[in-house]
Amino acid sequence: MVADAMFAGELKHLSGYGSAVHTHGAVAADRPSASRDGVLLSLLSWNLLAPPYKRPRESEQASRSRALAQIALVRESAADVIGLQEFWLEQEHMEAWSNFAASEGYCMLVSPRTGGKPDGCCMLVWRRRLAGLPSMETYSFDDWGNRILQCVTLQLAGCSDRLMLAHTHLTFPHANGHDPEMRRHQARKLATW
């Protein structure tokens with residue numbers, strides 16, 4: 001099948017790709033959460049629906065308001081780890097999330113999509129849960145979907161084992177002849193990895 005050949009291959013490591021903001025200074029005060037016992041970890045995953053794709057005609061003010069509302073909901077969740085897909089890389093948007101991360105004591109790790117796309121994956125990890133700073137690697141699915149896999153390795157406080165969290169946003173299976181096939185190969189590459 002032509003699509004099989006187009007999407008063949010494996011994940012491709014992108015050395016030195018992405019950025020990490022490790023907040024410094026005071027760590028935010030303890031928040032109420034069932035995960036404080038050192039055993040459980042609360043995770044939140046959210047597709048933010050980046051404005052360039054879902055709301056291209058949205059005003060700057062409406063986009064800013066929507067981002068601030070999303071940040072408020074994430075703050076309310078008090079999750080230990082937050083995975084955000086379609087994380088918009090526009091400067092003001094990045095600054096708003098970076099300010100949130102700094103004020104709430106999160107490390108913020110961002111992996112842009114390949115191909116110059118204006119979005120990517122962002123993982124926020126609450127510093128109080130960590131024994132050290134997380135590390136991040138980014139992989140490309142190496143297809144024209146420009147999707148990436150973000151891998152964050154962390155050491156939880158009080159645990160001897162390291163934990164790797166993999167975070168991605170696969171191609172949406174639009175009703176066409178190539179997206180469902182590309183998504184199937186993305187899942188295969190992820191499973192093989």
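Residues numbered from 1 in each chain as written. Predicted model: local features only at pLDDT ≥ 70, side-chain atom pairs only at ≥ 80, totals over all residues. Heavy atoms only, no water.

Asker: Explain the confidence of the model for the protein chain here, please?
Answerer: Atom-level detail of predicted coordinates should not be read off regions where pLDDT is low. Per-residue pLDDT for the protein chain has a mean of 87; in total, 86% of the residues score no lower than 70. Contacts of residues 24–29 to residues separated by more than four positions or lying in other chains number eleven contacts, the stretch itself having pLDDT below 50. Segment residues 32–38 is flagged for pLDDT under 50; beyond a separation of four residues in sequence, or across chains, it makes 16 contacts in the model. (pLDDT = per-residue confidence, 0-100. Contact = heavy atoms within 4.5 Å.)

Asker: It is not clear to me how the pattern of salt bridges should be interpreted in this structure. Could you clarify?
Answerer: Note on pairing: side chains with opposite charge can pair once their charged atoms come close. Across all of its chains, the model carries six salt bridges by this definition. Close ionic contact of Glu-92 with Arg-64 constitutes a salt bridge, the shortest N to O distance being 2.2 Å. On the criterion of sequence distance, the pair formed by Glu-92 in helix α4 (residues 91–104) and Arg-64 in helix α3 (residues 60–77) is long-range, its members being 28 residues apart. According to the relative accessible area criterion, Glu-92 is partly exposed, its value standing at 36%. Taking the shortest distance from any N to any O, the salt bridge between Arg-75 and Glu-104 comes out at 3.0 Å. Here the residue Arg-75 occupies a position in helix α3, and Glu-104 occupies one in helix α4, the gap between them amounting to 29 residues. Assessed through its relative accessible area of 17%, Glu-104 is described here as buried. (Salt bridge = Lys/Arg side-chain N within 4 Å of Asp/Glu carboxyl O. Helix = DSSP H or I, 4+ residues; strand = E, 2+ residues; numbered from the N terminus. Buried < 20%, exposed > 50% of the residue type's maximum accessible area, 1.4 Å probe, protein only.)

Asker: Could you clarify how one ought to interpret the sheet that holds strand β8 (residues 148–155) in this entry?
Answerer: In any sheet, the strands associate via hydrogen bonds between backbone groups, in a parallel or an antiparallel arrangement. Read from one edge to the other, the open sheet built from four strands follows the order β1-β7-β8-β9, with strand pairing classed as antiparallel. Looking at which strands have only one partner, the edges of the open sheet turn out to be β1 (12–14) and β9 (162–168). Looking at each pair of strands side by side, their axes are set apart by 30° on average, direction ignored. Pairing of strand β7 (residues 135–140) with β8, which is carried by six bridges, proceeds in the antiparallel orientation. Following the sheet pairing, Glu-137 is matched in β8 by Cys-151. (Pairing = 2+ DSSP bridges. Axes fitted to C-alpha atoms, helices over the stretch in contact; angles between N-to-C directions.)

Asker: Before we go on, may I ask you to explain the side chain of Thr-168 in this structure?
Answerer: Here Thr-168 lies in strand β9. At 2.6 Å, the side chain of Thr-168 and the backbone oxygen of Ile-148 are in polar contact. Contact partners of Thr-168, with chain neighbours within four places excluded, come to Gln-85, Cys-121, Phe-141, Ile-148, Leu-149 and Leu-190. (Polar contact = N/O pair within 3.5 Å; in protein donor to acceptor, adjacent residues only side chain to side chain.)

Asker: Would you explain the pairing of β9 in this entry?
Answerer: A regular strand places its side chains on the two faces of the sheet in alternate fashion. With seven bridges connecting them, β8 and β9 associate as antiparallel partners. Residue Leu-154 lies in a different strand from β9, and its bridge partner there is Leu-163. Hairpin remark: β8 followed by β9, antiparallel, with six residues in the connecting loop; positive phi at Gly-158, about 80°.

Asker: Hey, could you run me through the environment of Leu-149 in this one?
Answerer: Along the polypeptide, Leu-149 turns up in strand β8. Here Leu-149 falls in the buried class, since its relative accessible area comes to 0%. When sequence neighbours within four positions are dropped, the list of residues in contact with Leu-149 reads Leu-11, Glu-137, Thr-138, Tyr-139, Phe-141, Ala-166, His-167, Thr-168, Leu-190 and Trp-193.

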